[in-house]
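# Structural overview for review
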Amino acid sequence: MANPNPRWHYPILAISLAIVAATFWTDRGTRAQDDEDNGPQQAVIERLPLVLRDPQTYRSPMHLEPITSIDVVAQIDGVVNSVMFKAGDKASAQAEAVRLESEERQLELDLARSRFQAAQIEHQLSAEDANQELMEAKLEIARNELKLAEHRLGQAISFIPFDGQVTWVHVVPGQFVRAGDPVMTVADLSTLMVAVPVERSEVKVGDTLDLKVEETSVSAKVEDVHPLLERFEPLRDLFLSIATARAVIDNSNGRFNDGQTVYSDLIPRHPVAEVPTLALGNTDDGARRVQVIREGFVRDVPVVLLGQSGDDYVFVAGRFSQQDELVVKSSEELLDGMRVVQGADPDADRPQTGGPSRRLPGDDGF
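Residues numbered from 1 in each chain as written. Predicted model: local features only at pLDDT ≥ 70, side-chain atom pairs only at ≥ 80, totals over all residues. Heavy atoms only, no water.

We now examine the overall build of the protein. Within the protein, the regular secondary structure consists of three helices and 22 strands. Looking at the protein as a whole, 42% of its 366 residues are labelled buried. If you take every contact in the protein between residues at least 6 apart in sequence, the share linking residues at least 24 apart comes to 74%. Of the roughly 20600 Å² of accessible surface on the protein, 48% is carried by carbon and sulfur atoms. (Helix = DSSP H or I, 4+ residues; strand = E, 2+ residues; numbered from the N terminus. Buried < 20%, exposed > 50% of the residue type's maximum accessible area, 1.4 Å probe, protein only. Contact = heavy atoms within 4.5 Å. Areas by Shrake-Rupley, 256 points an atom, 1.4 Å probe, with all protein chains shown as cover.)

The geometry of an aromatic ring pair comes down to the distance between the two centres and the angle between the two planes. This structure, assessed with the given rule, holds zero aromatic pairs. In this arrangement the basic side chain of Arg269 is found over the ring face of Tyr263, its NZ or CZ atom lying 4.1 Å from the centre. (Phe/Tyr/Trp six-rings, centres within 6.5 Å; stacked < 30°, edge-to-face > 60°. Lys NZ or Arg CZ within 6 Å of the ring centre and 35° of its normal.)

Side-chain positions along a regular strand alternate between the two faces of the sheet. Looking at chain direction, strand E12 (residues 208-213) and strand E13 (residues 216-226) are connected through six bridges and run antiparallel. Within the sheet, the bridge partner assigned to Leu209 lies in E13 and is Ala220. Hairpin connection, E12 to E13: the antiparallel pair is bridged by two residues, and Glu214 has positive phi, about 55°. With five bridges joining them, E13 and strand E14 (residues 242-250) adopt antiparallel strand pairing. Within the sheet, the bridge partner assigned to Lys221 lies in E14 and is Val248. (Pairing = 2+ DSSP bridges.)

Below, the discussion takes up the sheet that holds strand E7 (residues 96-100). The sheet built from four strands is open, its strands ordered E8-E7-E5-E10 with antiparallel pairing. Each of the sheet's edge strands pairs with one partner strand only, and the pair in question is strand E8 (157-159) and strand E10 (176-177). Where strand E5 (residues 78-83) meets E10, two bridges bridge the pair, whose relative direction is antiparallel. Paired with Val79 across the strands is Phe176, a residue of E10.

Bridging between E5 and E7 involves three bridges; their strand directions are antiparallel. Residue pairing in the sheet places Val83 in a bridge with Val98 of E7.

What follows covers the pattern of salt bridges. This structure, assessed with the given rule, holds 12 salt bridges. Across the pair Asp224 and Arg246 runs a salt bridge, and its minimum N-O distance is 3.1 Å. With Asp224 in strand E13 and Arg246 in strand E14, the pair connects residues that are 22 residues apart, well separated along the chain. Of the residues examined, Asp224 reaches a relative accessible area of 18% and is grouped as buried. (Salt bridge = Lys/Arg side-chain N within 4 Å of Asp/Glu carboxyl O.)

We now examine the environment of Leu228. Mapped onto the elements, Leu228 comes out in the loop between E13 and E14. Residue classification places Leu228 among the buried residues on the basis of a relative accessible area of 10%. C-alpha of Leu228 to C-alpha of Ala245: the two residues are 17 residues apart in sequence and 8.6 Å apart in space. Apart from the residues within four sequence positions on either side, Leu228 is in contact with Glu233, Arg236, Ile242, Ala243 and Thr244.

What follows concerns the nonpolar core. Leu64, Val194, Val196, Leu209, Leu211, Leu235 and Leu238 are the most contacted members of the largest nonpolar core, which has 34 residues in total. Here this core takes six residues from strand E11 (residues 182-199), the largest share from any one element. Filtering out sequence-adjacent residues up to four positions away, Val196 remains in contact with Met62, Leu209, Leu211, Phe232, Ala243, Thr244, Ala245 and Ala247. (Core = buried A, V, L, I, M, F, W, Y, C linked by side-chain atoms within 4.5 Å.)

Below, the discussion takes up the environment of Val275. Structurally, Val275 is set in strand E16 (residues 272-276). Considered as a pair, Val275 and Asp312 are 37 residues apart in the sequence and their alpha carbons are 8.5 Å apart. Setting aside anything within four residues of it in sequence, one finds Val275 in contact with Leu50, Asp312, Tyr313, Val314, Val316 and Leu326.

Looking now at the side chain of Gln291. Considering the arrangement of structural elements, one finds Gln291 in strand E18 (residues 288-294). On the basis of relative accessible area, Gln291 is assigned to the buried category, the value being 8%. Looking at Gln291, its side chain comes within polar contact range of the main-chain oxygen of Leu334, at 2.9 Å. Residue contacts for Gln291: discarding those within four places in its chain leaves Val298, Arg299, Asp300, Glu325, Leu326, Val327, Leu334 and Leu335. (Polar contact = N/O pair within 3.5 Å; in protein donor to acceptor, adjacent residues only side chain to side chain.)

In this section: the confidence of the model for the protein. Taken as a whole, the protein shows an average pLDDT of 80; of its residues, 78% reach a score of 70 or greater. In the model, residues 1-37 has pLDDT below 50 throughout and makes 80 contacts with residues more than four positions away in sequence or in other chains. A low-confidence stretch, residues 345-366 stays under pLDDT 50, and its non-local contacts, those more than four residues away or across chains, total 46 contacts. (pLDDT = per-residue confidence, 0-100.)

Phi is positive for Gln94, which is not a glycine, with a value near 70°. Structurally, Gln94 is set in the loop between strand E6 (90-91) and E7.

Below you can see the structure in the form of structure tokens.
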């Protein structure tokens, strides 16, 4: 997929905008001190327009799934007589899962059992008969017919293969099924897994990944690393070397469920931009951020670092807006919430006494 590279715009915009003086609040919410001789304090701000990429381009839903899950299937054609479990039930190995109607096979078993008993009696009465070998052969035939009838009757019952939890029931009593049709799904939920994208150079088998399962942070162990799955292919635009890891979560306490949504920082949830590393800073809590000028005000935007783009640029994801201008650098410290006014107009060189709060509602990017 072709990707627009906005870097060729940077030098032109930087030169034209770096010479624009701006006035602003100089301490946290306190009015700037005017100097009758020198006028308001000014700063030179180098800023660039942001070229945003829609995060939907890279969206690939991920969810927890059991490492061990199996469909219990019907062994013969037939009509479902009874279903022993419902979804969510715990089930023990070799417990009956589903029983098909089996009256005909039960009659076959009864008949075979009667024939075997008759053959036994006949064999006992002919103990001194010259045809004893023939009687033994008949007895063996009857014994095998009985075993076959027992086996055929047993095929009408589907059994749970291992201790686990029923996650899905596919049939109801009275439903006709074919041999091989799934009747119930059983899973071992004590260990769950998810396939996630990782940077190949930074992750190896046995490492721990920090993921989010819905709103819960969790550590997952890397079981193995594979080539990138096709559904993650768009992420190649953002990373130099990317692969797929199978991450495993211990769920012996039953904290999580099959199918819960998983989030990874490598899949952006907010608009993506390529920014100079010079523009990166830190928030008070140690997270990474950039500053933008939005509707005339300086805004701190927390970002998630994605892949490096050369030595001087990096892809980031954050709650950007379409009209944001990135602050690359400034001759003076800029604080979140400062109002920026161009200094070309002498009447506009004074900071305004009013202004929005330090964090505007609705600054959510897309």
